[in-house]
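# Residue-level structure breakdown
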Amino acid sequence: MRILVLVDGSKWSQKAALHAIAIAKKKEAKLVLFSVLDRKEAKALAFNMGLISQDLAHVQRFEEKVWEDMKRSIREIMTNLLVLCRDEGVNCSVKITEGSAREKVLEEANSGYSLVVMGAYGRSGKTRIGSLLEEVVGRIEAPVMVVR
Amino acid sequence: MSIFRSLIDRKFRSIAGDRYDEIVKRYREFLLLPEEFVLPEVESILIPLDRFSGDFHGVLDVLEAYRGAKVRLVYLLDAQTFRLIEETLGEEEAQKLLQVERERGKRLVEALKESLEGFGLEVQAEERFGDKGDDVIEMASEYDLLVISRSFGSEVTKTSPISPVVLKVVQHVLVPVIVY
């Protein structure tokens, strides 16, 4: 059995990973922690930061900084989850890719997993149900677990 | 687990510094605290079913992980639909349809019950009239996990691969949901 966990760094995706680890432990399943980094997110965040702080002259520098921080942050989260998997005796691996979240998630999720686990919300918090969830949940062939 | 907890705790505390408590209070919604890094226990599961519910065999492998949990299978009949049928076609027709629905429900529930009990889950089954969306949302609050077919409530198509009832349920329930 292979379980895919979609990790975007949010609290909910980490809670999702905990559920997936619990299942993988009982089923002796292989867990894949998967994350998609979208450069457009760094660009938008940097531009809005620059606009709000009236410092658009440094927007490109902001963007590079945000992009590097996004990569570092997700690697740290993955490392922490890997440590937990190791402590729990769960066979786990990490995949981090770049591109459009929707496309990459669908491509990976429909490549032979028995379960896909994801958080209900994204990094924007509980303002609304995650847009990625609405876009992909019906298009993934395997059962999808949504965690709050 | 202890290594992991201390690692997270140390990292977050070191970033937050002496404002740790203030930050935790204000940004609680975004933070998964060290004490929340525990593997969840699922002891009770709700599985609503209806005439549209799809093939459940794909989710059985996952449910096997919850050996020992208590499962409530509820075959839901839409109260409003039956009321409308009764009003338009008469009581006799409504009863005929109800009988067919009940037979269908019984077969589906029995098949799933047998499979789940084979995995060591304790299963309780029932039939219920009500509103498929609102009733599931209300019932789910009493369980650790909700398991629902993506076609619960209505048929799905290639362009609309998940039932609107399921979307509503997923948006509103507060417990984890497995959509199969």
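Just so you know, the residues in each chain are numbered from 1, in the order the chain's sequence is written. In the order they appear in the text, chains get letters beginning with A and ligands get numbers beginning with 1. Where local features are concerned, this predicted model is filtered to residues with pLDDT of at least 70; where side-chain atom pairs are given and counted, the filter is 80 or more; whole-chain, interface and lining totals use all residues. Processing note: side-chain calculations cover all non-hydrogen atoms of the structure and skip hydrogens and water entirely.

## Observations concerning the overall build of chain A
Basically, it comes down to this: In this text, helices come from DSSP runs of H or I with a minimum length of four residues, and strands from runs of E with a minimum of two, each type numbered from the N-terminal end. Two residues form a contact once any of their heavy atoms are found within 4.5 Å. In these tables, accessible area is a Shrake-Rupley quantity obtained with a 1.4 Å probe, and a residue counts as shielded only by the protein chains included in the view. Neither His nor the chain ends contribute to the count of charged residues, in which Lys and Arg are positive and Asp and Glu negative. The location of each charge is read from NZ of Lys, CZ of Arg, CG of Asp or CD of Glu.
Counting its secondary structure elements, chain A contains 5 helices and 5 strands. Along chain A, helices (α) and strands (β) appear in the sequence β-α-β-α-α-β-α-β-α-β when read from the amino end. Dimensions of chain A, computed from C-alpha atoms along their principal axes, come out at roughly 55 × 30 × 25 Å. Put simply, 77% of the contacts in chain A that link residues at least 6 apart link residues at least 24 apart. Looking at chain A as shown, the accessible area adds up to about 6900 Å², and 49% of this sits on carbon and sulfur atoms. A distance of 4 Å separates the average location of the 24 positive side-chain charges in chain A from that of its 19 negative side-chain charges.

## What to know about the pairing of strand β2 (residues 70-78) of chain B
Residue and element names in this part refer to chain B. Put simply, the rule is: Relative accessible area decides the class of each residue, using a 1.4 Å probe on protein chains only: under 20% of the type maximum gives buried, over 50% gives exposed, and in between gives partly exposed. Two strands qualify as a pair provided that DSSP identifies no fewer than 2 bridges between them. We call a crossover right-handed when, viewed with both strands directed away from the observer, the connection leading from the first strand over the helix to the second proceeds clockwise.
Counting buried residues along β2, 7 of its 9 residues qualify, which places the element largely inside the surrounding structure. Examined bridge by bridge, strand β1 (residues 44-49) and β2 share 6 bridges and lie parallel to one another. Looking across to β2, one finds that Pro48 is bridged to Val74. With helix α3 (residues 57-63) bridging β1 and its parallel neighbour β2, the resulting β-α-β unit is right-handed. In this structure, β2 lies alongside strand β3 (residues 122-130), joined through 9 bridges in parallel fashion. Counterpart to Asp78 in the pairing with β3 is Gly130.

## Notes on the domain arrangement of chain B
What counts is decided by this rule: Note that the domain bounds were set by an automatic or database domain assignment.
We note that the domain assignment places domain 1 (1-39) and domain 2 (40-179) within chain B. On a C-alpha basis, the centres of domain 1 of chain B and domain 2 of chain B stand 38 Å from each other.

## Digging into the interface of chain A and chain B
Put simply, the test is: Using a 1.4 Å probe, buried area is obtained as the accessible area two parts lose upon being combined, added over both of them. Any carboxyl oxygen of Asp or Glu within 4 Å of a side-chain nitrogen of Lys or Arg constitutes a salt bridge here. Within 3.5 Å is the distance limit for a polar contact, defined as a pair of N or O atoms, with the added protein rule that one can donate a hydrogen and the other accept it, and that residues adjacent in sequence qualify only through two side-chain atoms. The residue classification treats Ala, Val, Leu, Ile, Met, Phe, Trp, Tyr, Cys and Pro as nonpolar and Asp, Glu, Lys and Arg as charged. All others, Gly included, are polar.
Opposite the 43 residues of chain A that make contact, chain B presents 42 residues. Carbon and sulfur atoms make up 62% of the surface buried where chain A meets chain B, a total of about 3400 Å² over both sides. Along the contact surface separating chain A from chain B lie 2 salt bridges. Here B:Glu64 makes a salt bridge to A:Lys27, at a shortest N to O gap of 2.6 Å. Connecting chain A to chain B are 10 residue pairs in polar contact (both at pLDDT 80 or more). For the side of chain A that touches chain B, the secondary-structure elements that each account for two or more residues are α1 (11-27), α3 (59-88), α5 (131-136) and β5 (144-147) of chain A. Sort the elements by how many residues they give to the side of chain A that touches chain B and α1(A) lands first, with 12 residues. Grouping the amino acids of the side of chain A that touches chain B by side-chain chemistry returns 20 nonpolar, 8 polar and 15 charged. Across 3 bridges, β5(A) lies against strand β5 (residues 177-179) of chain B in antiparallel orientation. The residue of β5(B) that forms the bridge with A:Val146 is B:Val177.

## Overview of helix α2 (residues 39-52) of chain A
Residue and element names in this part refer to chain A. Short version of the rule: Working rule for helices: expected span equals 1.5 Å times residues minus one. As used here, the arc is the angular range of directions from the helix axis to the C-beta atoms.
Under the 1.5 Å per step criterion, the end-to-end length of α2 is 20 Å for 14 residues, consistent within 8% with the ideal 20 Å. Among all positions in α2, only Ala42, Ala46 and Gly50 are buried. In a view along the axis of α2, the buried residues occupy a sector of 60°, so they form one face of it. Facing away from the buried side of α2 by over 90 degrees, the exposed positions are Lys40 and Ile52. Elements that come into contact with the buried residues of α2 comprise α3. Sitting at the head of α2, Asp38 places a side-chain oxygen 3.0 Å from the backbone nitrogen of Lys40.

## Re the nonpolar core
Basically, it comes down to this: Only buried residues count toward a nonpolar core. Its members are Ala, Val, Leu, Ile, Met, Phe, Trp, Tyr and Cys residues joined through side-chain atoms within 4.5 Å.
In terms of nonpolar packing, the biggest core is built from 63 residues, with A:Leu31, B:Ile45, B:Ile47, B:Tyr66 and B:Leu116 touching the most fellow members. Tallying contributions element by element places α3(A) first for this core, with 9 residues. A domain split of this core shows at least three residues from each of domain 1 (1-39) and domain 2 (40-179) of chain B. Excluding its chain neighbours within four sequence positions, the residues that come into contact with B:Ile47 are B:Leu63, B:Val71, B:Arg72, B:Leu73, B:Val74, B:Leu112, B:Leu116 and B:Val147. One finds A:Met118, B:Met139, B:Val166 and B:Val170 within the second-largest nonpolar core, a separate group that totals 39 residues.

## Describing the pairing of strand β1 (residues 2-6) of chain A
Successive residues of a regular strand alternate their side chains across the two faces of the sheet. Residues and elements named next belong to chain A. The buried fraction of β1 is high, at 4 of 5 residues. Where β1 meets strand β2 (residues 30-37), 5 bridges bridge the pair, whose relative direction is parallel. Among the inter-strand pairings, Ile3 is bridged to a residue of β2, identified as Leu31. Viewed along the sheet, the connection from β1 through α1 into β2 turns out right-handed.

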